[in-house]
Amino acid sequence: MNNYKDVHDNYQKWHLSLQENVLFEKERKKFLSFHSNALTRVQIEPTQRCNFSCHMCPIDEIQADTKEDLSLENFILLLDQLPSTVKYITLSGLGEPFLNSDYIEMAKIAHSRGYLVEVYNNGSKFDKNILPYVSELFFSLDAVDETLLKTVRKGINKDLVIENIKTAIDYRDSYKTLKVNINFCIHAQNQGEIEHILPLCQALEIDHLHIQTVSNNYATNSESYDSFTPYVHKSHQINWSHIINFYTKEYNFSLTIWYPRKLKGFCNWTFSSLYVNKNMDVISCCQKVTNPLIFGNTKEMNILDIYNSEKMSAFRDAHLKGEYLELCERCPF
């Protein structure tokens, strides 16, 4: 479904108008008020292992001896704690989720409990047996040019990813139970690929293209963070107007772009959304998974008690008041 008007309206709002601070405070309060109503989404990390080596991923900061996957037992323990307000489970995190041998069973259990399950994967280990239990399925694909793709996503087999996307599309067309999407991480190296990825999405008949800007997800106190920062800054100097003009009304898929907005306080994390890593820690968000800010562990404390704890409440309160939070100051979104 084409959303041409929304794409242009969102560009005006998120990348232009709010940057000028005219509507900033009004929109920020409205945004946070909406997300303060209830916990509705929990992202659960099945593993921190990956078979790729992507230049924008901080997975190399994770020590090998800490890479034990989330167990099925702990996954069920976590589901048992979730309040009735939670509707969505994002069953993906830092690593490639299909590397967890219990991954499909996790999706099946979450689906059986009535959750809408979202899956992000790199397309290399995809197993079609997960399809009956998924509502949204994202494949990461950052270029059409194969040489460039292998440069930014080391380990990828483009033909295999395309084949797996087509398998998911065939299932979608037969059963009408899920959406099949592509996640495109845009940066200085691949921004020219926009004019190629859009026609590919049309040809594949995907439901949605999600474009996100590259971010610096390395631990803020690391040398990797400092060395990667200039590349992120360069990548954010993209002509976004030029890019959205490639998206025309002829396309049959929708488009979302996460601009590098630098709008402190516009964040659903710790409000309507929580991130639980494979160690069962509730952490600040999906952007800082290595050396994270930990609010509590769900094996030791109920997730709602963590959510309502003094530490997390103070963190949310700082957002509401627009106070300085070092972790958030360095977030590109």
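Look up: the structure comes first, before these words.
Summary of the structure given here. Worth saying up front: this structure is predicted, and the values here are computed from it rather than measured.

1. Notes on the pairing of strand 1 (residues 41–44)
Turning to step 1, where the next piece is worked out: Sheet analysis places strand 1 next to strand 3 (residues 88–90), joined by three bridges and oriented parallel. Across the sheet, R41 pairs through a bridge with Y88, a residue of strand 3.
Turning to step 2, where the next piece is worked out: With four bridges joining them, strand 1 and strand 10 (residues 273–276) adopt parallel strand pairing. Note that in strand 10 the partner of I44 across the bridge is V276.

2. Side note on the packing of helix 3 (residues 72–81) against helix 4 (residues 103–112)
Turning to step 1, where the next piece is worked out: One way to put it is that helix 3 packs onto helix 4 with a least axis distance of 10 Å and a crossing angle of 20 degrees. By the criterion of interaxial angle, the relationship of helix 3 to helix 4 is roughly parallel. Judged by the sense of rotation from one axis to the other, the crossing of helix 3 with helix 4 is right-handed. Here helix 3 contributes L72, F75, I76 and L79 to the contact with helix 4, which in turn contributes E105, M106, I109 and A110.

3. Description of the pattern of salt bridges
Pairing is possible between side chains of opposite charge, provided their charged atoms come close.
Turning to step 1, where the next piece is worked out: Across all of its chains, the model carries 12 salt bridges by this definition.
Turning to step 2, where the next piece is worked out: A salt bridge links R28 to E25; its shortest N-O distance comes to 2.8 Å. Pair noted here: R28 and E25 are both in helix 2 (residues 24–35), with a separation of three residues, about one helical turn.
Turning to step 3, where the next piece is worked out: Within the structure, one salt-bridge network assembled from shared partners comprises K13, E27 and K30.

4. Here's the deal with the packing of aromatic side chains
Turning to step 1, where the next piece is worked out: Scanning the entire structure with this criterion turns up 16 aromatic pairs.
Turning to step 2, where the next piece is worked out: With a centroid separation of 4.9 Å and an interplanar angle of 75 degrees, the aromatic rings of F98 and Y103 are classed as edge-to-face. Take F98 and Y103: they sit in the same class, and that class is buried.
Turning to step 3, where the next piece is worked out: Both rings, one in F295 and one in F315, keep their centres 5.4 Å apart while their planes meet at 70 degrees; by these two values the pair is edge-to-face. Remark: F315 occurs in helix 11 (residues 310–321) and F295 occurs in strand 12 (residues 294–297); sequence separation between them is 20 residues. The same class applies to F295 and to F315, which are both buried.
Turning to step 4, where the next piece is worked out: Members of the aromatic cluster, connected to one another through ring pairs, are F98, Y103, F126 and F139.
Turning to step 5, where the next piece is worked out: A cation over a ring is seen here: R41 above Y88, with NZ or CZ 4.5 Å from the ring centre.
Turning to step 6, where the next piece is worked out: Over the aromatic face of Y307 sits the side chain of R316, whose NZ or CZ is 4.2 Å from the ring centroid.

5. What to know about the pairing of strand 10
Side chains on a regular strand alternate between the two faces of the sheet.
Turning to step 1, where the next piece is worked out: Residue alternation in strand 10 divides its side chains into two sets, S273 and Y275 and L274 and V276, and both sets are buried.
Turning to step 2, where the next piece is worked out: As judged from the two bridges shared by strand 10 and strand 11 (residues 281–283), these two strands associate in the antiparallel manner. Across the sheet, residue Y275 finds its bridge partner in strand 11, namely I283.

Conventions adopted
Residues numbered from 1 in each chain as written. Predicted model: local features only at pLDDT ≥ 70, side-chain atom pairs only at ≥ 80, totals over all residues. Heavy atoms only, no water. Pairing = 2+ DSSP bridges. Helix = DSSP H or I, 4+ residues; strand = E, 2+ residues; numbered from the N terminus. Axes fitted to C-alpha atoms, helices over the stretch in contact; angles between N-to-C directions. Parallel < 35°, antiparallel > 145°, perpendicular 65-115°, else oblique. Left-handed = near helix turned anticlockwise from the far one by under 90°. Contact = heavy atoms within 4.5 Å. Salt bridge = Lys/Arg side-chain N within 4 Å of Asp/Glu carboxyl O. Phe/Tyr/Trp six-rings, centres within 6.5 Å; stacked < 30°, edge-to-face > 60°. Buried < 20%, exposed > 50% of the residue type's maximum accessible area, 1.4 Å probe, protein only. Lys NZ or Arg CZ within 6 Å of the ring centre and 35° of its normal.

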